[in-house]
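Architecture and fold: a report
Spelled out, the chains give:
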Amino acid sequence: MGTLPAPSSTSLASFRAKRLGREVAAAAIITLLAVAGPAGPLERLVGVVAAQAQTAERIVAAGGVVTEVLYALGLQDKVVGVDTTSQWPPEAQKDKKSVGYVRALSAEGVLSLKPSHVIAVEGAGPPDALALLKESGTPITMIPEALTPEAVVSKIAAIGKAAGAAEPAQQLAASVKARFDELDKLRTGLPKQKRVLFVLSLQNGRTMVGGRNTTADAIIALAGGVNAASAVEGFKPMTDEAIITAGPDVVLMMRHSSAHNAGPDELFAMPAFSQTPAARQKSLIRMDGLYLLGFGPRTPNAARDLMAELYPEAKVAQLSAAK
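Let us look at the structure shown here. (Residues numbered from 1 in each chain as written. Predicted model: local features only at pLDDT ≥ 70, side-chain atom pairs only at ≥ 80, totals over all residues. Heavy atoms only, no water.)

Focus on the sheet that holds strand E4 (residues 117-121)
Which entries qualify depends on this criterion: By this definition, two strands are paired if DSSP reports at least two bridges between them. Each helix corresponds to a stretch of at least 4 residues labelled H or I by DSSP, and each strand to a stretch of at least 2 residues labelled E; elements are numbered beginning at the N terminus. When checking whether two residues touch, look at their non-hydrogen atoms; a contact exists if any pair is within 4.5 Å. The convention used is that axes are lines fitted to C-alpha atoms, helices contributing only their stretch in contact, and that angles between N-to-C directions extend from 0 to 180 degrees.
Strands sit in the order E3-E2-E1-E4-E5 across an open sheet of five strands; the sheet is parallel. Each edge of the open sheet carries a strand with a single partner, namely strand E3 (97-98) and strand E5 (140-143). With four bridges connecting them, E4 and E5 associate as parallel partners. When the bridges of E5 are listed, Ile119 appears paired with Thr141. On the sheet, helix H3 (residues 64-72) packs against strand E1 (59-62), strand E2 (79-82), E4 and E5 and is oriented at approximately 135° with respect to E1. Relative to the sheet, helix H7 (residues 149-162) contacts E4 and E5, its axis offset from that of E5 by approximately 170°.

Focus on the environment of Phe268
Looking at where Phe268 falls in the secondary structure, it is placed in the loop between helix H11 (264-267) and helix H12 (271-274). Sequence separation between Phe268 and Ser283 is 15 residues, and the spatial gap between their C-alpha atoms is 9.0 Å. With near-sequence residues (within four places) excluded, Phe268 lies in contact with Val251, Phe273, Ser274, Thr276, Ala278, Ala279, Lys282, Ser283 and Leu284.

Concerning unusual backbone geometry
Here is the rule: Partly exposed describes any residue whose relative accessible area lies between the buried limit of under 20% and the exposed limit of over 50%, with all areas from a 1.4 Å probe on protein chains only and scaled to the type maximum.
Look at the link from Trp88 to Pro89: it is a cis peptide, with omega at -5°. As for its placement among the helices and strands, Pro89 is situated in the loop between E2 and helix H4 (91-95). Backbone geometry places Asn213, a non-glycine residue, at a positive phi of 60°. Despite not being glycine, Phe295 has its phi angle at roughly 50°, a positive value. According to the relative accessible area criterion, Phe295 is buried, its value standing at 2%.

Regarding the pairing of E4
Our working definition: Here the term right-handed applies to a crossover when the path leading from its first strand over the helix to its second strand runs clockwise, the strands being oriented away from the viewer.
E4 sits mainly inside the fold: five of its five residues count as buried. The two faces of E4 match: His117, Ile119 and Val121 on one face and Val118 and Ala120 on the other face are all buried. One ladder, built from four bridges, connects E1 with E4; its direction is parallel. Paired with Ala62 across the two strands is Ala120, which belongs to E4. Once the chain exits E4 it traverses helix H6 (residues 127-135) before rejoining the sheet at E5, and the crossover so formed is right-handed.

Structure, rendered in structure tokens:
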């Protein structure tokens, strides 16, 4: 077993100086309290400082990507509350208090956790809840939800800075950027692009798809595919005729959702899908929703995994950059 190196004289001196400073400060407070008396203003000031110390570094995370980044940075002990979209890592939902859905936050629920900071994704709300939090004096940092690789890297840095971990966040962001760079190279070696239709839900005879300017559109592009629903914008219903005309080679869906649990046989027996190229090979890909659409630290890997599913003949390599 190796031995620990002896501390340097400089570090010992620094430690002793800090300890002496704390001792002097404590003695000064005790002396001033004695002068001011038990009900004096200084005691009230010290009480406020003590109360603030009790709530220091208590972060409420509103948005799955915020929670994911905080955990990736090792800051999980600072997190006291998460929203219902914070599904990764799984222990976040088990160990932390819930503050509701990210777009329907409970201001009272958030404040009951005595947060020192709320870090929320853009679009969190409702506005009234955010207004109440601001009126309470709780600092709130809003994180933009852009969907490019550059935006993901910036998002990680912003979350880390808000949580007081700017340097580790920069390191994580650099690692994620390196994986995006690898992904760029993998895309150059792909065969003819496949047309991919992301189906959000199949309910009441309506097919909800992911069109332009959606997380689905962005991840399909990163994986080297073409969005078959580019004729629509946002998450919108698509008619049977429009789906047939779109001619998807592959249907992409989220795994483990009650809104769309149809298997390949059931899906491709439906009129909207039975006449598509995807039906010939029953080409249906299912992936975890947050992994696929979260646009956080795992996104390069999610895009690579989708790419490997779309183009099995290409034998897509694993990303080698450090996680």
